[in-house]
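Fold and contact review
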Amino acid sequence: MKAENSLGKLLAIYIPFSLANGLASGLFNLYFKNAGISDADIITSFIFFSIAPLLVILALDNRKAGSRVLIWLGLAASGAAYALVALLPPTRELLFASSFLFGTTCFLFWVPFNIMYFGASHGRAASLGTVYFSIGSLLGLALPLVAASIAQDMGYGMLFLASAALYVIPMIAALILAESTHSHQLKLCMDELRGFKTLVLLEGAYSEGTFAAVAVISLFYFTTPMEMGVFLSITTLFAVLASVVVSRLSDKSRRRMVYIKLFGPGLGLVTFLGALASNAVAWYGAISARNFFASLFWPFTTAIIVDNKRDMAKSMVSREFMLNVGRIIGIGIVLFCSLFLDIYLSLVILGVCIMAYPLVIELKKDI
């Protein structure tokens, strides 16, 4: 019962957080693109996003901080980022600064939240992980259309102000959490992640690299808020149902590796094929398939760490560190391809990266 109460409190924060973040996030890059910001600068902003949590982790190394305070600060940072974008003219510097603020949330909010959430999972890591990953997708069916309507009728400024204001709700909800002390020693945390470092690095490189590539390529085809909103909504349509069904089966059968070995190559293949898209219709199909397989695959990457009975706090800190190292590598691949080759080629490289995930597991002896 205690675990259920804990999960209830966490979901009371997570759902309004997902609402606040999901409302405007889909149109964020379109706003800057239409203001004249280059594709290279938009890709570079993802690097600022990924550097931020690394700096926060290093700054808090061997320092004590309240988990509730960290969560609250993470929410405040994202709310402030949206407020700044709403109130200041769209420049490259504002894009980089707001992306950095969003990035601090990766550690300040997500690490203490993940420790609490998965610590309360009690053998349901995959199914609860699916709830975790599916909430954003469920909201993603409607929020992009709502955001598009606000942007077209009232302007981007009102949209970003609305997102900033919505952050007040999870900030208030965070106050119901019992305070606990967070402290980490990065070296000890990295030792706790032994056997998983390469896997997390691949996960980070693929996830953020693909996110950056998809964000920029989508701007080639969709140039108005409603076009982008419809695209974002449709491409999430089937992902939630599939991930719920498969992850519940996994919690019963404990056959995590079977699903990873099945969906990892599938995710890599559809990402690889996305490089062949040459028009908006093909891009719709490619991203719908990619999102479908991603929703099947991601819950298991967290579940295998939780199932391994590592120290949850140390594992989540080191996981966040390695994820962001990987993210920088993935974004670097996208930026290099965009500047010197073809941005579509980055999807080929990243698809191969995630195809390697099951192969790396086969080589690991301590998982």
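Given the structure is predicted, the values throughout are model-derived calculations rather than measurements. (Residues numbered from 1 in each chain as written. Predicted model: local features only at pLDDT ≥ 70, side-chain atom pairs only at ≥ 80, totals over all residues. Heavy atoms only, no water.)

This part covers helix H2 (residues 39-59). In this model H2 runs 31 Å from its N-terminal to its C-terminal C-alpha over 21 residues, within 8% of the 30 Å that 1.5 Å per residue would give. Counting buried positions over the 21 residues of H2 gives 15, a clear majority of the element. (Helix = DSSP H or I, 4+ residues; strand = E, 2+ residues; numbered from the N terminus. Expected span 1.5 Å × (residues − 1). Buried < 20%, exposed > 50% of the residue type's maximum accessible area, 1.4 Å probe, protein only.)

With that settled, the discussion passes to the environment of Tyr344. Mapped onto the fold, Tyr344 is located in helix H17 (residues 343-363). Considered as a pair, Tyr344 and Ala213 are 131 residues apart in the sequence and their alpha carbons are 7.7 Å apart. Setting aside anything within four residues of it in sequence, one finds Tyr344 in contact with Ile217, Phe220, Tyr221, Gly274, Ala275, Ala277 and Trp283. (Contact = heavy atoms within 4.5 Å.)

Right, let's talk about the packing of helix H3 (residues 67-87) against helix H8 (residues 156-166) for a bit. When two helices pack together, you describe them by how their axes are tilted relative to each other and by the distance separating the axes. At a minimum axis distance of 8 Å, the contact between H3 and H8 shows a crossing angle of 160°. Here H3 is positioned roughly antiparallel relative to H8, judged by the angle of their axes. Considering the relative orientation of H3 and H8, their crossing is left-handed. Of the residues in H8, those in contact with Gly79, Tyr82, Ala83, Val85, Ala86 and Leu87 of H3 are Gly157, Phe160, Leu161, Ser163 and Ala164. Here the contact of H3 with H8 is composed, by residue class, of eight nonpolar, three polar and no charged. (Axes fitted to C-alpha atoms, helices over the stretch in contact; angles between N-to-C directions. Parallel < 35°, antiparallel > 145°, perpendicular 65-115°, else oblique. Left-handed = near helix turned anticlockwise from the far one by under 90°. Nonpolar A, V, L, I, M, F, W, Y, C, P; charged D, E, K, R; others polar.)

One finds Leu75, Leu159, Phe160, Trp283 and Tyr357 to be the most contacted residues of the largest nonpolar core, which totals 114 residues. Here this core gets 13 residues from one element, more than from any other, and that element is helix H1 (residues 2-34). If we ignore the near neighbours within four places in the chain, the residues touching Leu159 are Leu23, Ala24, Leu27, Ala147, Ile150 and Ala151. (Core = buried A, V, L, I, M, F, W, Y, C linked by side-chain atoms within 4.5 Å.)

Although it is not a glycine, Asn62 sits at a positive phi angle of roughly 65°. Structurally, the position occupied by Asn62 is in the loop between H2 and strand S1 (65-66).

In this structure the tally under the stated criterion is seven salt bridges. A salt bridge links Asp39 to Lys33; its shortest N-O distance comes to 2.7 Å. Taking the relative accessible area as the measure of exposure, Asp39 reaches 18% and is therefore buried. One salt bridge connects Arg327 with Glu320, and the closest N-O pair in it is separated by 3.3 Å. A relative accessible area of 12% places Arg327 in the buried class. Glu320 gets classed as buried once you look at its relative accessible area, which sits at 4%. A cluster of three or more residues bridged by salt bridges with shared partners is formed by Asp41, Arg92 and Glu93. (Salt bridge = Lys/Arg side-chain N within 4 Å of Asp/Glu carboxyl O.)

Moving on: the confidence of the model for the protein. Here the protein averages 87 in pLDDT, and 87% of its residues register 70 or above. Note that pLDDT drops below 50 for residues 1-5; the model gives that stretch three contacts with residues more than four away or on any other chain. (pLDDT = per-residue confidence, 0-100.)

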